[in-house]
Amino acid sequence: MTGQNTDSNAAPKLSAHGIAKSFDGREVLHGISFDVLRGEFLSILGPSGCGKSTILRILIGLEHPDAGCVLLDGKDITDAAPSKRHMGIVFQDYALFENMTVLGNVEYALRFDPTRRECRTKIALEALASLGMADYANKPVAGLSGGQMQRVSIARTLALSPEVILFDEPTSGLDADARLALRSQLKKIQRDHGTTMVFITHDQEEAFALADRVMVMGEGSIHQLDEPLRIVENPADGYVRDFVVSNLKAKYDSLARFASPLR
Ligand SMILES: Nc1ncnc2c1ncn2[C@@H]1O[C@H](COP(=O)(O)OP(=O)(O)OP(=O)(O)O)[C@@H](O)[C@H]1O
């Protein structure tokens, strides 16, 4: 694996060290280690079944690793409850209450936070505004498009001011226009809020369009972690070249404008 950190002086926000995980006697993660830098957008790219969601679930505490540890700001949180990790997660299927309004959904989680309960409507409206959904606040969720529902779901996570947001293929149910709109909103949130983001996808173009760095996974292991252009210019091995670079190149001949010739 190459290119762990772009700045060796930057303390990582989130780290995974030697994470291993088996299900039913089959090891699906083989001692994975990586850092996510403060305020960074890290895309985790890999084919279906390679272990992307399992990593995310371990980072947020929905699964416990068999070996290894998770650090947040250098502190071991491997055994901490998900609610104590200062992280939010956004799933592909939105997980909204369809019988409630847009505002009701975003306010819901804030009701359980004594420090924010009183001003939950203001916080929820600000989060919805960040996603361009403030005008929909009083509409029922049931009538929204998939892209709008996903934006509400992200606003609900953002309202809790997580230090890290994990995204589990949030665009895979959306059409091309909605995907593009959501991508630019995520980048804006990253810029405006300085939130550290980890985004998993099996779509090469999406991973490269969004990320400060991309982590390319094969079956349960990391092949390369680096900045997008560096991966394009210097794929670590044949797998990265075939799964990522050739794929991108086939999709976009224009890639040749900024990449050196593929070897
Ligand atoms: N709770 C579980 N019980 C048994 N097997 C599991 C469990 N969770 C994941 N797996 C298996 O672990 C492997 C990795 O799954 P994971 O969902 O992490 O992959 P993924 O890369 O996110 O795939 P996809 O892109 O299809 O969601 C798969 O073979 C999956 O079937």
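This text goes with the structure placed above it.
Only a predicted model underlies this, so the values are computations on that prediction, with no experimental measurement involved.

Caption draft 1: Inspection of the overall build of the protein at higher detail. Along its length, the protein carries 8 helices and 10 strands. Relative to its length of 263 residues, the protein is compact, with a C-alpha radius of gyration of 19 Å against a globular reference of 18 Å. Looking at the 263 residues of the protein, the share that counts as buried comes to 49%. Sequence separation of at least 24 residues holds for 67% of the intrachain contacts in the protein that already meet a minimum separation of 6. Approximately 12,100 Å² of the protein is accessible, and the part contributed by carbon and sulfur atoms is 50%.

Caption draft 2: How the structure looks around the sheet that holds strand β8 (residues 196-201). With mixed pairing, the 6 strands of this open sheet are ordered in space as β6-β7-β8-β3-β9-β10. A strand with exactly one partner marks an edge of an open sheet, and here the two such strands are β6 (87-90) and β10 (221-226). On average, adjacent strands in this sheet sit at an angle of 15 degrees to one another, irrespective of strand direction. With 5 bridges joining them, strand β3 (residues 41-45) and β8 adopt parallel strand pairing. When the sheet's bridge partners are listed, Ser43 is paired in β8 with Phe199. Strand contacts of helix α1 (residues 52-60): β3, β6, β7 (164-168), β8 and β9 (213-218), with the helix running at about 150 degrees to β7, the strand carrying the most contacts. The strands touched by helix α5 (residues 176-193) within the sheet are β3, β7 and β8, with β8 carrying the most contacts at an inclination of about 155 degrees.

Caption draft 3: Representation of empty space enclosed by the protein. Taken as a whole and assessed by the stated rule, the structure comprises 2 cavities of 30 Å³ or more. Reported here for the largest cavity is a volume of approximately 40 Å³. Residue lining of the largest cavity: Ala16, Ile19, Leu29, Ile32, Phe34, Ile55, Ile58 and Leu59, and that is the complete set. Secondary structure elements with two or more residues in the lining of the largest cavity: β1 (12-23), β2 (26-37) and α1. For the lining of the largest cavity, the class distribution of residues is 8 nonpolar, no polar and no charged.

Caption draft 4: Broad picture of the nonpolar core. Among the nonpolar cores identified, the biggest contains 33 residues, and Val106, Leu128, Leu131, Val152, Ile154, Phe167 and Leu186 are the most heavily contacted of them. Secondary structure elements with two or more residues in this core: α2 (102-110), α3 (120-130), α4 (146-158), β7, α5 and β8. Sort the elements by how many residues they give to this core and α4 lands first, with 5 residues. If we skip the residues at most four places from it in the chain, Val106 touches Ala124, Leu128, Val152, Ala155, Arg156 and Ala159. Counting 29 residues, the second-largest nonpolar core is a separate cluster that includes Leu56, Leu72, Met217 and Ile222.

Caption draft 5: Summary view of the pairing of β10. Where β9 meets β10, 5 bridges bridge the pair, whose relative direction is antiparallel. Note on β10: the bridge partner recorded for Val216 is Gln224. Hairpin remark: β9 followed by β10, antiparallel, with 2 residues in the connecting loop; positive phi at Gly220, about 70 degrees.

Caption draft 6: Just the sheet that holds strand β5 (residues 75-76), in detail. Spatial ordering of the open sheet is given by β2-β1-β4-β5, a layout of 4 strands whose pairing is antiparallel. Of all strands in the sheet, those bounded by a partner on one side alone are β2 and β5. Note: strand β4 (residues 67-72) against β5, 2 bridges, orientation antiparallel. Considered in β5, the bridge of Leu72 is made with Lys75.

Caption draft 7: Main features of the packing of α4 against α5. Close contact between α4 and α5 brings their axes to 10 Å; oriented N to C, the two are set at 15 degrees. If you check the angle between α4 and α5, you find them roughly parallel. At the point where α4 passes α5, the crossing takes the right-handed sense. For the pair α4 and α5, the contacting residues are Gly147, Gln150, Arg151, Ile154 and Leu158 in the first and Ala178, Leu182, Gln185, Leu186, Ile189 and His193 in the second. Residue composition of the contact of α4 with α5, by class: 6 nonpolar, 4 polar and 1 charged.

Cut-offs and rules
Residues numbered from 1 in each chain as written. Predicted model: local features only at pLDDT ≥ 70, side-chain atom pairs only at ≥ 80, totals over all residues. Heavy atoms only, no water. Helix = DSSP H or I, 4+ residues; strand = E, 2+ residues; numbered from the N terminus. Rg over C-alpha atoms; globule rule 2.2 N^0.38 Å. Buried < 20%, exposed > 50% of the residue type's maximum accessible area, 1.4 Å probe, protein only. Contact = heavy atoms within 4.5 Å. Areas by Shrake-Rupley, 256 points an atom, 1.4 Å probe, with all protein chains shown as cover. Pairing = 2+ DSSP bridges. Axes fitted to C-alpha atoms, helices over the stretch in contact; angles between N-to-C directions. 1 Å grid on protein atoms, 1.4 Å probe; cavity = no way out; pocket = protein on both sides within 12 Å on 5 of 7 lines; lining within 4 Å. Points joined across faces, edges and corners; volume = space filled by probe spheres on them. Nonpolar A, V, L, I, M, F, W, Y, C, P; charged D, E, K, R; others polar. Core = buried A, V, L, I, M, F, W, Y, C linked by side-chain atoms within 4.5 Å. Parallel < 35°, antiparallel > 145°, perpendicular 65-115°, else oblique. Left-handed = near helix turned anticlockwise from the far one by under 90°.

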